[in-house]
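Breakdown of the fold
Each chain is listed here by its residues.
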Amino acid sequence: MADKKLYILHFPGSEAAWLRLEGTTLVPVEAPPGKTDAIILALLPDQFFFFIQPNTFQTKSTKALIAASRLQLQHAIPPLPEGWEMGLLRPLKGRILGFVRRPELEAFIERHQAALSRARAVTTSFILAWHAAQENSLPEWSWEGAEGERSLAVQDLLFYCRAETDEMDARSRSLLPPGQAPVQLNLAEILADLHQRKQKWSHLRLPTKLTRAEDADLRPLVRTMAVFTLIGFLFILGQIVRLNAWKNKAAHWRTETNTLYSLVLGPDLGADPYGKLLFTLDQLSSGGTQGFDVFECLAALSREAPESLTVESLSVSGDSGVVSATVKTYDQVDKFMEGLKGQTRFQFTLDQATNTDKGVKINLRVASSR
């Protein structure tokens, strides 16, 4: 696919004019048609700006870099008069460029609103030069603007001012080794280099009121939303897993609790087994009935029980009940029953003894003798 044509909207003498990039040459042309797929780049006059490059910070965090740069500029630049504004451009390769904007810029933008609104990005010639220098990792470079603006960059130092050529040459000689000169950047070569790199022109935008929503780079926002959506999904999934675990645990303890209830109340627990249990305990404790002391019954069983005895259930009705248990052998059944004959509080009767895989299962009928 052929590269899109690149048109430059600039303002010589504060009046709008158009250029088109042809190879490494800028050719004056008429304004492109209203509907075009060409790239339109608007260059505001650099005379409305002062640029400053903060010191390089060793950090991989973009937020930390911006915060440190903003703090440094606030200390380096005195309080600005009303209408002046300070800002930062998008970081590039660990470097960041700050600027101070003159109040006259607002009226200039308003006057050329129609032409500027066609641009994919609104920037300045110096910003293009700084961006190209960072992309090409140039340690020393210089630039000259259309209205006498000049800049000189040597390693981490950046000088930007309106000065005579001799003054900048003298400063260059004082900072560079003898015989070494900075790379001179010009607008046509800069644009050709960036255009060949498939530059994302939106990265060069100045923060102006002309930034169009339809051209905004939404990919960082989309990535951020995707990350937060994934985090939210994982959080909800974790809560679902945790809820299911608690439900399973609750079901387990409910089953265990019902098993304990059935040992005292029998298999028919009713709608409120806890209330039924409290009622039964109250009756037994108050002596309101002839009474069947469940705890004393269990104590009597345990006093005479062989080591292999396992009580599986105890159901009580009135002053009698039924105990289901398992012992290891029939001999232990005989000894167990013989021992229970000596109980004075309860009368135990063996209803059934059945041989099972777990041993001998017995059903004892017990009645209170008081």
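It should be noted that the structure appears before, not after, this text.
Since the model is a prediction, treat every value here as computed from it, not as a measurement. (Residues numbered from 1 in each chain as written. Predicted model: local features only at pLDDT ≥ 70, side-chain atom pairs only at ≥ 80, totals over all residues. Heavy atoms only, no water.)

1. Notes on the pattern of salt bridges
Evaluation of the coordinates by the stated rule reveals 10 salt bridges. In this structure, the salt-bridge partner of arginine 101 is glutamate 85, at a minimum N-O distance of 2.2 Å. You can see arginine 101 sitting in strand S7 (residues 98–101) and its partner glutamate 85 sitting in strand S6 (residues 85–88), a full 16 residues away along the chain. We classify arginine 101 as buried; its relative accessible area is 15%. We note a salt bridge from arginine 197 to glutamate 135, for which the minimum N-O separation is 3.9 Å. (Salt bridge = Lys/Arg side-chain N within 4 Å of Asp/Glu carboxyl O. Helix = DSSP H or I, 4+ residues; strand = E, 2+ residues; numbered from the N terminus. Buried < 20%, exposed > 50% of the residue type's maximum accessible area, 1.4 Å probe, protein only.)

2. Describing the nonpolar core
Of all hydrophobic cores here, the largest spans 52 residues; its most connected members are Leu41, Phe126, Leu128, Trp141, Leu191 and Trp201. For this core, the element with the most residues is helix H4 (residues 125–135), which contributes seven residues. In this structure, Cys297, Ala325, Phe346 and Val366 belong to the second largest nonpolar core, which totals 20 residues. (Core = buried A, V, L, I, M, F, W, Y, C linked by side-chain atoms within 4.5 Å.)

3. Notes on the pairing of strand S10 (residues 149–154)
Regular strands have side chains that alternate between both faces of the sheet. Of all six residues in S10, six are buried; the element is thus mostly enclosed. A two-sided burial pattern is seen for S10, the buried positions comprising Glu149, Ser151 and Ala153 on one face and Arg150, Leu152 and Val154 on the other. Pairing analysis gives five bridges linking strand S9 (residues 140–144) to S10, with the strands arranged antiparallel. Directly across from glutamate 140, in S10, lies its bridge partner valine 154. (Pairing = 2+ DSSP bridges.)

4. Quick look at a negative patch on the surface
On the surface, Glu164, Asp166, Glu167 and Asp169 cluster together to form a negatively charged patch. Mapped onto the elements of the fold, glutamate 167 is located in helix H5 (residues 165–175). Here glutamate 167 falls in the partly exposed class, since its relative accessible area comes to 43%. (Patch = residues over 30% accessible without salt bridge, like charges linked within 9 Å, V, L, I, M, F, W, Y side chains within 5 Å. Areas by Shrake-Rupley, 256 points an atom, 1.4 Å probe, with all protein chains shown as cover. Lys, Arg positive; Asp, Glu negative; His and termini not counted. Charge placed at Lys NZ, Arg CZ, Asp CG, Glu CD.)

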